[in-house]
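# What the coordinates show
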Amino acid sequence: MTDKKASKLTALQLRYSQSLSEQLAVISAGFLAVCEGLANDNTWQKMHYLVHNIAGSAGTFGYANLPRGGAVFKPIYWKMSWWLWCRSRAYYLNKS
């Protein structure tokens, strides 16, 4: 790998690391809101989106602090997907 490519890769990894810190902070705040009974649908959807992003991208960037390259987030993602689906289904069933 050339120095230029290595430099670009390092910059991408740094940007991802910074983004990951921000995403984890939003997810943590969202779960705190859930525990306090303050979460709304937007909170859940934002957390779902971020967990999905982390589950899919952590391994690509070799983020060492996430077990199995973000695979730990996949069960959380699927549970949140199920919750959102049930929630939307209940909304439409109650509307008719």
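Residues numbered from 1 in each chain as written. Predicted model: local features only at pLDDT ≥ 70, side-chain atom pairs only at ≥ 80, totals over all residues. Heavy atoms only, no water.

### Details of the overall build of the chain
Along the chain, the regular secondary structure elements total three helices and zero strands. Reading the chain from its N end, one meets helices and strands in the order α-α-α. For the chain, with 96 residues in total, the buried portion stands at 24%. Counted over contacts in the chain with a minimum sequence separation of 6, partners at least 24 positions apart contribute 61%. For the chain, the exposed area adds up to about 7,000 Å²; of that, 59% sits on carbon and sulfur atoms. (Helix = DSSP H or I, 4+ residues; strand = E, 2+ residues; numbered from the N terminus. Buried < 20%, exposed > 50% of the residue type's maximum accessible area, 1.4 Å probe, protein only. Contact = heavy atoms within 4.5 Å. Areas by Shrake-Rupley, 256 points an atom, 1.4 Å probe, with all protein chains shown as cover.)

### Examining the environment of Lys74
Take Lys74: it is sitting in helix H3 (residues 73-95). Spatially, the C-alpha atom of Lys74 lies 7.4 Å from that of His52, the residues being 22 residues apart in sequence.

### Thoughts on the nonpolar core
The tendency in soluble globular proteins is for nonpolar side chains to be buried as a group. With 14 residues, the main nonpolar core has Ile27, Trp44, Val51, Ile54, Phe73 and Met80 as its most contacted residues. Contributing elements (two or more residues each) for this core: helix H1 (3-35), helix H2 (41-57) and H3. When residues of this core are assigned to their parent elements, the largest contribution, six residues, is made by H2. (Core = buried A, V, L, I, M, F, W, Y, C linked by side-chain atoms within 4.5 Å.)

### Observations regarding the packing of aromatic side chains
Under the criterion given, the structure shown has one aromatic pair. With a centroid separation of 4.3 Å and an interplanar angle of 10 degrees, the aromatic rings of Tyr16 and Phe61 are classed as stacked. Of this pair, Tyr16 sits in helix H1 while Phe61 sits in the loop between H2 and H3, and the two are 45 residues apart along the sequence. (Phe/Tyr/Trp six-rings, centres within 6.5 Å; stacked < 30°, edge-to-face > 60°.)

### Thoughts on the confidence of the model for the chain
Mean pLDDT for the chain: 79, with 81% of residues reaching 70 or above. Predicted confidence in the chain is weakest over H3, with a mean pLDDT of 72, and strongest over H1, with 88. (pLDDT = per-residue confidence, 0-100.)

### Here we look at the side chain of Gln23
On the secondary structure map, Gln23 appears in helix H1. Given the relative accessible area of 14%, Gln23 is considered buried. Ignoring any residue separated from it by four or fewer positions in sequence, one finds Gln23 in contact with Leu50, Asn53 and Ile54.

### A closer look at H1
For H1, spanning 33 residues, the distance from its first C-alpha to its last is 48 Å, which sits close to the expected 48 Å at 1.5 Å a residue. Listed in full, the buried residues belonging to H1 are Tyr16, Leu20, Gln23, Ile27, Gly30 and Ala33. On the buried face of H1, the contacting elements are H2. Backbone geometry just after H1 places Gly37 at a positive phi near 75 degrees. (Expected span 1.5 Å × (residues − 1).)

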